[in-house]
Amino acid sequence: MAEENEMVVTPWEVSGEIDYDRLIEKFGTEPITDPLLERIKKFTGELHLQLRRRIFFSHRDLDLILDMYEAGRKFVLYTGRGPSGPVHIGHIVPWIFTKYLQDKFDAKLYFQMTDDEKFLIHPEFTLRKAVDWTYDNALDVAAIGFDPKKTFIISDVNNIKILYSLAVKIARHITVSTVKAVFGFEDSSNIGIVFFPALQAAPCFIESMATGEKVPCLIPAAIDQDPYWRIARDVAPKLEYYKPAQIHCKFIPGLGKGGKMSASMPETCIFMTDPPEVAERKIWNAFTGGKPTAREQRIEGGDPTICTIFQYFSLLFEEDDKALSELSSKCRSGEILCGDCKEKLSERVKRFLTEHQRRREKARNIIDQYFIDDRVPSRI
């Protein structure tokens, strides 16, 4: 029987106490080092806070992507979303970083909505419901501010023509025993989900197939999706394409004690469509590193390392590293109380949601510009 806090990280489940050093070792990835950050800064002029604070912590072949970029070869970006419900802050944190990469490297982005997968793994889902969530979630993608001329959202269901010719070429090189070993599929698994890894790999190579040239691809995503890209990397040389590179982010915590943010626990999850006052209530109920009473906190101080409120400042809501360090020191010394931090975070989150929701509504008028449709050459 598994230990209560045993680390489990798969494309469908993340639980237990996460040890990122162990994950690097387990998945065979490379840590993002200071010299690698300096190389990125050489091209970007500044490091995104998610790099400075090691929220993106691991990679595969990021150094090779930079080598090729330095030699004058541009790369494309690829990330995605499994549209099974509303988007929350945990989803958009890596999207914000992806926009930084798009802006700094002038890169195209292929954004896959895996509505087929959600239909295949959720018995309660109709295909119509899955596709409806694709279009709803696409509004949140557009609200991040991606360039519509360089961003191609793909609905697996509605844009299958673009994916399928690539997917079958990929599938021919993947055995059933491989996907069983990697994903834990069983004889009772439906054949759709067994084929799905080939579809998720396809966007890695769309630009190469469209242009007839080998185009490097970089995937910013949470590390739980790594098994899909390992398969894509195995297949790439057989198709005479570059292996897709990856840059992995940590899991974004919920507002409860432990665990990543999950829509299945809505009271510890801030959805991008939450009314600001609802988000405020959730923040005031969040788990912190404070003491039971204000008197104890003044004397003993708090622990920002376990505090969800502090983590949200670190992830998104405090750009200034010096201010973040001061906040940590004041917490530890008892100079500030949890209520002070909750009030400050609430105001920032409410402003953030109000602006995102304004852009989200505006995106309804232009969302069709983001979907891939016929915006790639016919050779696809």
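All figures in this text were calculated on a predicted structure; none of them were measured in a lab. Residue positions within a chain follow its written sequence, with the count starting from 1. Local features in this predicted model are restricted to residues whose pLDDT is 70 or higher, and side-chain atom pairs enter the listing and the counts only when it is 80 or higher, whereas totals over whole chains, interfaces and linings include all residues. Water and hydrogen atoms were dropped before computing side-chain values, which therefore reflect all heavy atoms in the structure.

Turning next to empty space enclosed by the protein. Any space left empty among the atoms is revealed by the rolling of a water-sized probe across them. The way it works is a 1 Å grid over only the protein atoms, where trapped points that fit a 1.4 Å probe form a cavity and open points with protein on both sides within 12 Å along at least five of seven lines form a pocket, and then any residue with an atom within 4 Å of a point lines it. Grid points are joined across faces, edges and corners, and a volume is the space filled by probe spheres set on the points. Under the criterion given, the structure shown has two cavities of 30 Å³ or more. The calculated volume of the largest cavity comes to roughly 100 Å³. Numbering of helices and strands runs from the N terminus; a helix is a DSSP stretch of H or I covering at least four residues, while a strand is a stretch of E covering at least two. At the level of elements, α15 (308-317), α16 (321-333) and α17 (338-363) are the ones that each hand at least two residues to the lining of the largest cavity. Gly counts as polar in this scheme, as do all residues outside two lists: the nonpolar Ala, Val, Leu, Ile, Met, Phe, Trp, Tyr, Cys and Pro, and the charged Asp, Glu, Lys and Arg. Of the residues belonging to the lining of the largest cavity, the class tally is 10 nonpolar, four polar and no charged.

Here seven strands make up an open sheet; going across it, the order is β3-β4-β9-β8-β5-β6-β7 and the pairing mixed. Both outer strands of the open sheet, β3 (30-31) and β7 (151-155), are each paired with one neighbouring strand and no more. Pairing between two strands is assigned when DSSP locates at least 2 bridges connecting them. Where strand β4 (residues 56-60) meets strand β9 (residues 245-249), four bridges bridge the pair, whose relative direction is antiparallel. Across the sheet, residue F56 finds its bridge partner in β9, namely C249.

We now examine the side chain of T114. Here T114 shows up in the loop between β6 (109-113) and α6 (115-121). Only protein chains enter the accessibility calculation, which uses a 1.4 Å probe. A residue is then buried if its area is under 20% of the maximum for its type, exposed if over 50%, and partly exposed in between. Residue T114 is classed as buried on the basis of its relative accessible area, which comes to 4%. Sequence-distant contacts of T114, that is, excluding residues within four places in its chain, are made with R81, G82, P83, D156, F196 and Q200. In this description, contact between two residues means that some pair of their heavy atoms is separated by no more than 4.5 Å.

Looking now at unusual backbone geometry. For D106, which is not a glycine, the phi torsion comes out positive at approximately 50 degrees. Structurally, D106 is set in the loop between α5 (89-105) and β6. For D106, a relative accessible area of 35% puts it in the partly exposed group. Unlike most non-glycine residues, E240 shows phi in positive territory, near 65 degrees. Looking at the element boundaries, E240 is found in the loop between α12 (226-235) and β9. On the accessibility criterion, E240 (63% relative accessible area) is exposed.

Attention now moves to a nonpolar patch on the surface. Distance thresholds for patches are 9 Å for like charges and 5 Å for nonpolar side chains (Val, Leu, Ile, Met, Phe, Trp, Tyr), applied to residues having over 30% relative accessible area and no salt bridge. Note on areas: Shrake-Rupley, 1.4 Å probe, and residue coverage restricted to the protein chains presented here. Salt bridge, as used here: a side-chain nitrogen of Lys or Arg that lies within 4 Å of a carboxyl oxygen of Asp or Glu. Together, I160, Y164 and V168 give the surface a local cluster of nonpolar side chains, amounting to about 240 Å² of exposed area. With respect to the secondary-structure elements, V168 resides in helix α8 (residues 160-171).

What follows concerns the layout of surface pockets. Reported here for the largest pocket is a volume of approximately 1,200 Å³. Along its surface, the largest pocket is lined by 45 residues, and R81, H91, D224, Q225 and K260 are the ones closest to its centre. Among the elements of the structure, β5 (76-81), α5, α6, α10 (191-201), β8 (217-222) and α12 are those that each provide at least two residues to the lining of the largest pocket. Its residues assigned to classes, the lining of the largest pocket comprises 22 nonpolar, 16 polar and seven charged. In this model, the second largest pocket occupies a volume close to 930 Å³. Around the second largest pocket, the lining is made up of 29 residues, and of these F251, P253, G258, T305 and Q311 lie nearest the centre. Mapped by element, the contributors of at least two residues to the lining of the second largest pocket are β2 (14-15), α15 and α16. At five residues, α15 tops the list of elements feeding residues into the lining of the second largest pocket.

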